[in-house]
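The chain contents come next:
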Amino acid sequence: MDAIKLRPWQYSDSEDLVQNANDMEVARYLTNKFPHPYTLEHAGQFIQFANSGTPIHMFAITLNNKAIGGIGIHPQDDVMEKNAEIGFWLGRAYWGKGIMTDVIPQMLTFAFDNYPITRVYARVFGNNIASQRVIEKTGFTKEAILHKTIYKNGEFLDEHIYGYRKPEVQQ
Ligand SMILES: CC(C)(COP(=O)(O)OP(=O)(O)OC[C@H]1O[C@@H](n2cnc3c(N)ncnc32)[C@H](O)[C@@H]1OP(=O)(O)O)[C@@H](O)C(=O)NCCC(=O)NCCS
């Protein structure tokens, strides 16, 4: 495979970000924080936000240094402080090539190396077969299915909750 890497977002990624993110086939599987249509202004705001965390925990997925998608880890607080949510997406042109299967384990390593967490979780829409497959392939366990909790584009959808436990921790 060509060089797939994770790195912080750069303002010079803005046009590639819009090109890949401005796609209803991507947005339909994500929360409404991921806008559609996705404009250059959205890209600029997102890149500023993505670089405001310490450590940076939202990364561009790059193919030969060109941004083709994004992945982030979001530590929780209060009684959920030992948990972090993972979110990810890829431009449609790059689907089905094993890229996310390659990238998710790198993010798990980053998450457990940088935060005192014991569980990474993903909330996947019931209609998102590709994401369910990739998350299962990378070692997550389906922990729950919540009935029609998600309302996206005028439709109620099931929420599939997947967890990945820190390997050396007994719970
Ligand atoms: C979900 C997504 C990230 C998958 O990334 P990807 O790089 O295409 O996934 P991979 O190529 O690594 O495929 C992983 C597995 O999923 C399967 N898969 C991929 N796309 C699929 C599809 N549309 N339908 C069924 N299975 C699919 C692959 O066949 C592979 O399984 P296999 O090895 O058993 O054949 C990508 O489709 C995407 O960005 N979708 C839109 C945004 C999104 O859904 N984000 C996740 C929100 S929770």
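Residues numbered from 1 in each chain as written. Predicted model: local features only at pLDDT ≥ 70, side-chain atom pairs only at ≥ 80, totals over all residues.

### Some points on the overall build of the protein chain
Piece 1. When helices and strands are tallied, the protein chain shows five helices and seven strands.
Piece 2. The N-to-C order of helical and strand elements in the protein chain reads β-α-α-α-β-β-β-α-β-α-β-β.
Piece 3. Taking 2.2 N^0.38 as the reference for a compact globule, 171 residues should give roughly 16 Å; the C-alpha atoms of the protein chain span a radius of gyration of 16 Å, in line with that estimate.
Piece 4. Counting only residues that meet the buried cut, the protein chain has 27% of its 171 residues in that class.
Piece 5. Counting only contacts in the protein chain whose residues sit at least 6 apart along the sequence, the fraction spanning at least 24 positions is 60%. (Helix = DSSP H or I, 4+ residues; strand = E, 2+ residues; numbered from the N terminus. Rg over C-alpha atoms; globule rule 2.2 N^0.38 Å. Buried ≥ 20, exposed ≤ 12 C-beta atoms within 10 Å, placed from the backbone. Contact = placed C-beta atoms within 7 Å.)

### A word on unusual backbone geometry
Most peptide bonds take the trans form, and the phi angle of most residues other than glycine is negative.
Piece 1. Pro37 follows His36 through a cis peptide bond whose omega is -5°.
Piece 2. In this structure, Pro37 sits in the loop between α2 (24-27) and α3 (40-50).
Piece 3. A cis amide bond links Thr54 to the next residue, Pro55, at an omega of -5°.
Piece 4. With respect to the element layout, Pro55 can be found in the loop between α3 and β2 (58-63).
Piece 5. Non-glycine residue Asn64 carries a positive phi angle of around 50°.
Piece 6. Phi at Lys148 is positive, roughly 50°, even though this residue is not glycine.
Piece 7. Looking at the secondary structure, you find Lys148 in strand β6 (residues 141-152).
Piece 8. In this structure Lys148 comes out as exposed when scored by C-beta crowding, with 11 C-beta atoms within 10 Å.

### Section: the nonpolar core
For soluble globular proteins, the rule of thumb is that nonpolar side chains tend to be buried together.
Piece 1. Counting 38 residues, the largest nonpolar core has Ile61, Met107 and Val120 as its most contacted members.
Piece 2. Per-element tally for this core: the top contributor is helix α4 (residues 99-114), with eight residues.
Piece 3. Setting aside chain neighbours within four positions, we find Met107 in contact with Ile71, Ile73 and Ile86. (Core = buried A, V, L, I, M, F, W, Y, C linked by C-beta atoms within 7 Å.)

### Overview of the pairing of strand β5 (residues 119-125)
Piece 1. Sheet topology note: the strand β4 (residues 83-90)/β5 ladder contains three bridges and is parallel. By the bridge assignment, Ala84 is partnered in β5 with Val120.
Piece 2. With respect to chirality, the unit in which β4 leads through α4 into the neighbouring parallel β5 is right-handed. (Pairing = 2+ DSSP bridges. Right-handed = clockwise from strand over helix to strand, strands pointing away.)

### A closer look at the site of the ligand
Piece 1. Residues in close proximity to the ligand total 22 residues, the closest being Tyr29, Met100, Thr101, Ala130 and Arg133.
Piece 2. Sort the elements by how many residues they give to the shell around the ligand and helix α5 (residues 129-137) lands first, with six residues. (Near = placed C-beta within 6 Å.)

### Considerations on the packing of helix α1 (residues 14-21) against α3
Pairs of packed helices are described in terms of their axes, by the angle between the two and the distance that separates them.
Piece 1. Running from amino to carboxyl end, α1 crosses α3 at an angle of 115°, the nearest separation of the two axes being 9 Å. In terms of axis orientation, α1 runs roughly perpendicular to α3. Between α1 and α3 lies a crossing whose hand is right-handed. Along its contact with α1, which presents Ser14, Leu17 and Val18, the element α3 presents Leu40, Ala43, Gly44 and Ile47.
Piece 2. Here the contact of α1 with α3 is composed, by residue class, of five nonpolar, two polar and no charged. (Axes fitted to C-alpha atoms, helices over the stretch in contact; angles between N-to-C directions. Parallel < 35°, antiparallel > 145°, perpendicular 65-115°, else oblique. Left-handed = near helix turned anticlockwise from the far one by under 90°. Nonpolar A, V, L, I, M, F, W, Y, C, P; charged D, E, K, R; others polar.)

### Details of the environment of Met58
Piece 1. Along the polypeptide, Met58 turns up in strand β2.
Piece 2. For Met58 and Val79, which are 21 residues apart along the polypeptide, the C-alpha to C-alpha distance reads 23 Å.
Piece 3. Here Met58 is in contact with Ala50, Gly53, Gly70 and Gly72, once residues within four sequence places are set aside.

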